[in-house]
Every structure is written in C-alpha cells, then in structure tokens.
Amino acid sequence: LKRIEKYAFTSLSLTEFSVSEENEYYSSIDGNLYSKDGKTLVQYAFGKKEETITIPEGVTRVGIGCLSPTMLDVETLIKQIYLPNSLLEIGESAFSEGTFTEITIPQSVKTIEEGAFSSCKNLQSIVLPDHLESLPDSCFAGCLSLKEIEIPSTVKSIGETCFSNCPSIKKISIPES
C-alpha cells in the first residue's frame with residue numbers, strides 16, 4: 001500500500017490501525033495511522049473513545065481530516081487535544097467537527113489549511129501562533145461557541161467565510177498591521 005487518499009476512513013469508528021512493519025509508507029503508533037517516518041498523523045482511530053489526545057512530539061503535520069469525526073454514527077468524547085511543539089502544518093479540515101472546547105496552536109505552526117477548525121461547535125477559545133500569514137477559507141466557519149479571536153499582527157489575509165456562522169463571536173481583535 002503506497003497511497004491513502006483523503007477521507008478514506010470517513011464514517012469508521014476504528015479502535016486501531018495495525019500496519020505491517022515492512023510497509024514502506026505507513027506505520028501505526030498507539031493504534032493511530034501515521035506516515036512511515038512518524039511525522040504525519042494520517043488518521044486518528046476514533047473508536048478508542050479517548051477524552052484527551054496528545055499528538056506525540058516529532059509530528060510535523062496533522063493530515064487532511066485526520067481528527068475530524070465527520071459522519072460518524074457515534075459521538076466523539078474528545079474534550080482536549082494537545083499539539084506538539086514540532087508541529088508545522090495543520091491540514092485541510094484536520095479538526096473539523098471536533099468536540100473540544102479550546103485549543104492552543106503551537107508557535108511552531110506555519111500553515112493552517114482550509115476548513116481546519118470548521119464546524120467545531122463547542123470550540124470557545126483558540127490561541128493562534130504569532131507569525132501566521134493567513135487564515136484560510138472556512139477556517140472557523142460554523143464554530144458556534146467561539147467567543148473572541150485575536151488576529152496575529154503577521155496575518156496578511158483572511159479567507160472567504162473564515163468566520164461565517166459564528167454567532168457567539170463578540171470580539172475580533174485586528175492588529176494595526
């Protein structure tokens with residue numbers, strides 16, 4: 001197996017990914033699916049029903065939709081997600097529809113892709129890294145509980161529908177720059 005397309009495991013409540021050690025492209029760490037080198041989290045196994053997720057140090061990318069419980073028949077219990085300081089990229093829809101209430105994005109993150117936190121209905125608070133250059137399309141769309149956001153001074157663009165359908169936002173801090 002050389003390639004797994006995005007959303008390949010949508011609607012599955014797997015408790016574990018088991019990957020042969022001989023596979024040249026993928027590996028399993030704590031029952032979750034990673035790239036062989038362990039630098040990309042490809043898919044979290046939602047059937048484990050954990051309340052807290054800690055992505056291990058050394059991971060540099062959270063892949064497309066990998067922590068999005070989209071279309072699962074079971075409600076996820078994830079209340080907290082801890083991201084490593086090694087993280088550089090957050091993929092498209094990576095956390096979409098997540099059930100956590102707050103998250104801190106490490107300062108190491110350089111890129112957040114489209115829809116990364118869309119439809120996180122319980123998300124109330126997010127801390128963004130100081131050096132982000134853009135907030136992509138639909139990044140926080142549908143975050144019904146998000147109360148306020150501070151835009152880093154390095155942000156040069158905010159994408160379409162970035163904050164659409166966020167009725168609880170009472171304050172957006174836009175820097176002088």
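Details of the structure are given in the entry above.
Residues numbered from 1 in each chain as written. Predicted model: local features only at pLDDT ≥ 70, side-chain atom pairs only at ≥ 80, totals over all residues. Heavy atoms only, no water.

Draft legend 1. Layout of the nonpolar core. If you look at the biggest cluster of nonpolar residues, it comprises 41 residues, and the most contacted ones within it are Ile90, Phe95, Ile103, Phe117 and Phe140. Setting aside residues up to four positions removed in sequence, Ile90 forms contacts with Arg61, Val62, Phe95, Ile105, Val109, Thr111, Ile112, Glu113, Ala116 and Phe117. Residues Ile4, Phe17, Tyr26 and Ala45 belong to the second largest nonpolar core, which totals five residues. (Core = buried A, V, L, I, M, F, W, Y, C linked by side-chain atoms within 4.5 Å. Buried < 20%, exposed > 50% of the residue type's maximum accessible area, 1.4 Å probe, protein only. Contact = heavy atoms within 4.5 Å.)

Draft legend 2. The arrangement of the state of the cysteines in detail. For the structure on display, the rule yields zero disulfides. There is no disulfide at Cys66, and the cysteine sulfur nearest it, in Cys120, is 12 Å away. With no disulfide of its own, Cys166 lies 5.2 Å from the sulfur of Cys143, the closest cysteine sulfur. (Disulfide = S-S within 2.5 Å.)

Draft legend 3. The arrangement of the packing of aromatic side chains in detail. Tallied over the entire structure, the rule returns six aromatic pairs. With 6.0 Å between their ring centres and 85 degrees between their planes, Phe95 and Phe100 make a pair best called edge-to-face. For Phe95, a relative accessible area of 0% corresponds to the buried category. Taken together, a centroid distance of 5.7 Å and an interplanar angle of 10 degrees make the contact between Phe117 and Phe140 stacked. Residue Phe117 is located in the loop between β9 (111–112) and β10 (125–127), and its partner Phe140 is located in the loop between β11 (134–135) and β12 (148–150); the two are separated by 23 residues in the primary sequence. Of the two residues, Phe117 and Phe140, neither departs from the other in class, the shared state being buried. An aromatic cluster is built from Phe95, Phe100, Phe117, Phe140 and Phe163, whose rings are joined through pairwise contacts. (Phe/Tyr/Trp six-rings, centres within 6.5 Å; stacked < 30°, edge-to-face > 60°. Helix = DSSP H or I, 4+ residues; strand = E, 2+ residues; numbered from the N terminus.)

Draft legend 4. Focus on the sheet that holds strand β3 (residues 40–43). Taken in spatial order, the six strands line up as β1-β2-β3-β5-β7-β9 in an open sheet, and their pairing is mixed. Edge strands, defined here as strands with exactly one partner in the open sheet, are β1 (26–29) and β9. Here strand β5 (residues 61–62) runs beside strand β7 (residues 89–90); their pairing, made up of two bridges, is parallel. Within the sheet, the bridge partner assigned to Arg61 lies in β7 and is Glu89. (Pairing = 2+ DSSP bridges.)

Draft legend 5. Up close: the pattern of salt bridges. What the rule picks out here adds up to five salt bridges. In this structure, Glu5 engages Arg3 in a salt bridge whose closest nitrogen and oxygen atoms are separated by 2.4 Å. Across the salt bridge formed by Arg61 and Glu113, the nearest N and O atoms sit 3.2 Å from each other. Separated by 52 residues along the polypeptide, Arg61 in strand β5 and Glu113 in the loop between β9 and β10 bring together distant segments of the chain. Connected through shared salt-bridge partners, Arg61, Glu89 and Glu113 make up one network. (Salt bridge = Lys/Arg side-chain N within 4 Å of Asp/Glu carboxyl O.)

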